[in-house]
Amino acid sequence: IFASAQKKRKIGSVVKGIDEKTIIFLAERVILSQYGIRGRENIIPKAFKEKKLFFLCRSSLWMNELWMNRDLIMKKMNQELGEGFIVDIKVTEMF
């Protein structure tokens, strides 16, 4: 899926040299594949810091949906980026 991520060879089991913008783009793609267009409109990846991926959700319903499936989202992200690249997902509701 991500040619740029694949071009940057894996060192150990983690892809090196991936910037935050690429991780956010990948998160958007994973959300789209998991929840469709509705989910992509309501679940917004905002930041990646210290192996944590931060999302904003437009309602508590979407916040709960993402929280319940956070392990699956992390698994799909780590399949692309390398095991252990993302260790936690943080979810906040937009006000």
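Residues numbered from 1 in each chain as written. Predicted model: local features only at pLDDT ≥ 70, side-chain atom pairs only at ≥ 80, totals over all residues. Heavy atoms only, no water.

Novice: Is there a simple way to explain the sheet that holds strand E4 (residues 52-57) in this structure?
Specialist: For sheets, the rule is that strands pair by backbone hydrogen bonds, running either parallel or antiparallel. The 3 strands lie next to each other as E3-E4-E5, forming an open sheet whose pairing is mixed. With one partner strand each, in any of the chains shown, strand E3 (43-49) and strand E5 (88-93) form the two edges of the open sheet. Across the sheet, the mean angle from the axis of one strand to that of its neighbour is 25°, orientation sign disregarded. Bridge count for E3 against E4 is 6 bridges, and the pairing is antiparallel. The partner of phenylalanine 48 across the bridge, within E4, is leucine 53. Strand contacts of helix H2 (residues 20-42): E3 and E4, with the helix running at about 160° to E3, the strand carrying the most contacts. (Pairing = 2+ DSSP bridges. Helix = DSSP H or I, 4+ residues; strand = E, 2+ residues; numbered from the N terminus. Axes fitted to C-alpha atoms, helices over the stretch in contact; angles between N-to-C directions. Contact = heavy atoms within 4.5 Å.)

Novice: Looking at this structure, I do not really get the packing of H2 against helix H4 (residues 70-81). What am I missing?
Specialist: Packed helices, taken two at a time, are described by the angle between their axes plus the distance between the axes. One can describe the packing of H2 onto H4 by two numbers: an axis separation of 10 Å at closest approach and a directional angle of 130°. The angle between H2 and H4 places the two elements in the oblique class. Relative to H4, the crossing made by H2 is right-handed. Two secondary-structure elements touch here, H2 through Ile23, Leu26, Ala27, Val30, Ile31, Ser33, Gln34 and Tyr35 and H4 through Leu72, Ile73, Lys76, Met77, Glu80 and Leu81. Per-class residue counts for the contact of H2 with H4 are 10 nonpolar, 2 polar and 2 charged. (Parallel < 35°, antiparallel > 145°, perpendicular 65-115°, else oblique. Left-handed = near helix turned anticlockwise from the far one by under 90°. Nonpolar A, V, L, I, M, F, W, Y, C, P; charged D, E, K, R; others polar.)

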